Amino acid sequence: VKIRQEHFDHILCLHVEGRLDAAVSDELNYHLNHIISQGQSAMIVECSSVNFLSSAGIRTFLNLLKRIEAAKGHVVFCGFSEQIMQVLSMAGFAHYFQHFASTQDALQYIQNHCS
Amino acid sequence: MQRTIPAKLELIRPVLATIVKEAKERVAPTSLWKLELALEEALVNIVKHAYKDPEGAIDITSFSDKNFFMVILCDKGVAFDPTQELSTQLFDASFDKLGLRLMRESSELAYERKSEYNFLTLKVPLQSAVTV
């Protein structure tokens, strides 16, 4: 899994690329926890280059949500493919994630909700 | 195709890649990613829960008949039937319910315990069979 960070003022956009499966979930969890522990509380996770999502990847996202909520922050997602949407629905977690079609939409939302 | 791998997390990706390549010509794209997902969850489940002995192995056999592409996973670990509700099984709390849900939703499963072995069959329809 590859992660590229992009900053829009205080908002961090993470561009995630590759497979989110059991092979990388520990590493990704560690990385995300590290970012949050540094005080980052407004985040966009951009997933248009994520080509596989398993239960391990979903748990990583759920963990991120939990940590950010505990820190009174916001995290939104964008760029889910049709396949990823279906996996989240099958898992029963589709409604847990605030999702936008584009990074621009996600950014606009989070700017309005996280000043 | 038949292969045997040690039950190790890092070996799941290469095996999935081989099976996906094998199934690609025969299975519709929507069934292909569902098969891949079900296999990932099933293999992770075996790697994490089947063996106390770190040397445990998984036999993986893939083939197709007239209507389905199938993969049979065989291990000699603790008896575990992923087609059953978790509450009826041993070690309930440690098993991964989310993974099991995805496995069941994304492919057709059949389970058998024969002597000391678990046999789990995952199957998805062949491309030609989808429209029949």
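The residue numbering used here restarts from 1 in each chain and proceeds along that chain's sequence as written. Starting at A for chains and at 1 for ligands, labels are handed out in the order in which the entities are written. Local features in a predicted model are, by the rule used here, given only for residues with pLDDT of at least 70; side-chain atom pairs are given and counted only at 80 or more, and totals for whole chains, interfaces and linings are based on all residues. To obtain the side-chain values, all non-hydrogen atoms of the structure were included, while hydrogens and water were left out.

Undergrad: Help me understand the packing of helix α1 (residues 12-23) of chain B against helix α2 (residues 29-49) of chain B, please; the structure alone is not making it clear to me.
TA: The relative placement of two packed helices comes down to the angle between their axes together with the axis-to-axis distance. All names here are of chain B. Between α1 and α2, the shortest axis-to-axis distance is 10 Å and the interhelical angle comes to 150°. For the element pair α1 / α2, the angle class is roughly antiparallel. Once α1 is placed against α2, the crossing between them reads as right-handed. Residues Ile12, Val15, Leu16, Ile19, Val20 and Ala23 of α1 form the contact with α2, whose participating residues are Leu32, Leu35, Glu36, Leu39, Glu40, Leu43, Val44 and Val47. Axes, fitted as lines to C-alpha atoms, cover a helix only where it is in contact. Angles between the N-to-C directions of the axes lie from 0 to 180 degrees. Elements are defined by DSSP. Helices are runs of H or I of four residues or more, strands are runs of E of two residues or more, and each kind is numbered from the N terminus. Angles are sorted into four bins: roughly parallel if under 35 degrees, roughly antiparallel if over 145, roughly perpendicular if 65 to 115, and oblique for all others. Crossing handedness follows the turn of the near helix against the far one: under a right angle anticlockwise gives a left-handed crossing, and clockwise gives a right-handed one. Any pair of residues with heavy atoms lying within 4.5 Å of one another is described as a contacting pair.

Undergrad: Explain the side chain of B:Arg3 here, please?
TA: All names here are of chain B. Its place among the elements puts Arg3 in strand β1 (residues 2-6). Per-residue accessibility, obtained with a 1.4 Å probe over protein chains only, is compared with the maximum for each type, and a residue is labelled buried under 20%, exposed over 50%, and partly exposed between these values. For Arg3, a relative accessible area of 14% translates into the label buried. A polar side-chain atom of Arg3 sits 3.4 Å from the main-chain carbonyl oxygen of Met1. A distance of 3.1 Å separates the side chain of Arg3 from the side chain of Ser62, its partner in a polar contact. Whenever a nitrogen or oxygen atom comes within 3.5 Å of another N or O atom, the pair is scored as a polar contact, on the condition that within protein one atom can donate a hydrogen and the other can accept it, and that pairs from neighbouring residues in sequence are kept only if both atoms are in side chains.

Undergrad: Which parts of the structure should I look at to understand the sheet that holds strand β5 (residues 117-125) of chain B?
TA: Residues and elements named next belong to chain B. Criterion used throughout: strands pair if DSSP finds at least two bridges between them. Spatially, the five strands line up as an open sheet ordered β1-β2-β3-β5-β4, and their pairing is antiparallel. Strand pairing shows two members of the sheet lacking a second neighbour, β1 and β4 (108-114), which therefore form its edges. The sheet shows a mean angle of 20° between the axes of neighbouring strands, direction not considered. When β1 meets strand β2 (residues 57-64), the two strands line up antiparallel, connected through five bridges. Opposite Pro6, over in β2, you have Ala57 as the bridge partner.

Undergrad: Would you mind going over helix α4 (residues 103-113) of chain A with me for this structure?
TA: Residues spaced three or four apart along an α-helix point in a common direction, a consequence of the helix completing one turn every 3.6 residues. All names here are of chain A. Of the positions making up α4, those classed as buried are Ala106, Leu107, Tyr109 and Ile110. Along α4, the residues classed as buried sweep out an arc of 165° about the axis, all on the same side. Opposite the buried face of α4, by more than 90 degrees, sit the exposed residues Gln104 and Asn112. Note: the arc covers the axis-to-C-beta directions of the helix.

Undergrad: What's the story with the interface of chain B and chain A in this structure? I'm lost.
TA: Accessible area lost on assembly of the parts is the figure often given for the size of an interface. The interface is formed by 17 residues belonging to chain B together with 18 residues belonging to chain A. We define buried area as the total accessible area lost by two parts upon association, computed with a 1.4 Å probe and summed across both. When chain B packs against chain A, the two sides together hide about 1,600 Å² of surface, and 62% of this comes from carbon and sulfur. Salt-bridge detection follows one rule: a side-chain nitrogen of Lys or Arg within 4 Å of a carboxyl oxygen of Asp or Glu. Counting across the interface, chain B meets chain A through two salt bridges. Of the charged contacts, one joins B:Arg13 and A:Asp21 as a salt bridge, the two residues approaching to 2.8 Å between their closest N and O atoms. In this structure, the connection of chain B to chain A is made through six residue pairs in polar contact (both at pLDDT 80 or more). Of all the elements, α2(B) adds the most residues to the side of chain B that touches chain A, at seven residues. Residues were grouped as follows: Ala, Val, Leu, Ile, Met, Phe, Trp, Tyr, Cys and Pro as nonpolar; Asp, Glu, Lys and Arg as charged; and all remaining residues, including Gly, as polar. For the side of chain B that touches chain A, the class distribution of residues is seven nonpolar, two polar and eight charged.

Undergrad: Is there a simple way to think about the confidence of the model for chain B in this case?
TA: Fine structural detail should not be taken from predicted coordinates in areas where pLDDT scores are low. What pLDDT reports is the predictor's confidence in each residue, on a scale of 0 through 100. Averaged over every residue, the pLDDT of chain B is 89; residues scoring 70 or more account for 89%. At the level of chain-chain contacts, confidence expressed as ipTM amounts to 0.93, with global pTM at 0.92.

Undergrad: Where do I start with the sheet that holds strand β1 (residues 2-8) of chain A in this structure?
TA: Sheet strands associate in pairs through backbone hydrogen bonding, adopting either a parallel or an antiparallel arrangement. All names here are of chain A. Spatially, β1-β2-β3-β4-β5 is the arrangement adopted by the five strands of the open sheet, whose pairing is mixed. The open sheet has two edge strands with one neighbour each: β1 and β5 (99-100). Note: strand β3 (residues 42-53) against strand β4 (residues 74-78), five bridges, orientation parallel. For Val45, the partnering residue across the bridge sits in β4 and is Phe77. Taken strand by strand, helix α2 (residues 55-70) contacts β2 (11-20), β3 and β4, and its axis lies near 175° from that of β3.

Undergrad: Sorry, what's going on with empty space enclosed by the protein here?
TA: The method is simple in principle: a probe with the dimensions of a water molecule rolls over the atoms, and the space it marks as empty is what remains. Residue and element names in this part refer to chain B. Note on definitions: the grid is 1 Å and covers protein atoms alone; a cavity is a set of points where a 1.4 Å probe fits but cannot get out; a pocket is an open set with protein on both sides within 12 Å along at least five of seven lines; lining residues have an atom within 4 Å of a point. Grid points are joined across faces, edges and corners, and a volume is the space filled by probe spheres set on the points. Counted according to the given criterion, the structure contains three cavities of 30 Å³ or more. For the largest cavity, the lining is made up of 14 residues, of which Asn45, Ile46, Asp75, Phe80 and Asn118 are closest to its centre. Those elements that place two or more of their residues in the lining of the largest cavity are α2 and β5. Broken down by element, the residue count for the lining of the largest cavity peaks at four residues, all from α2.

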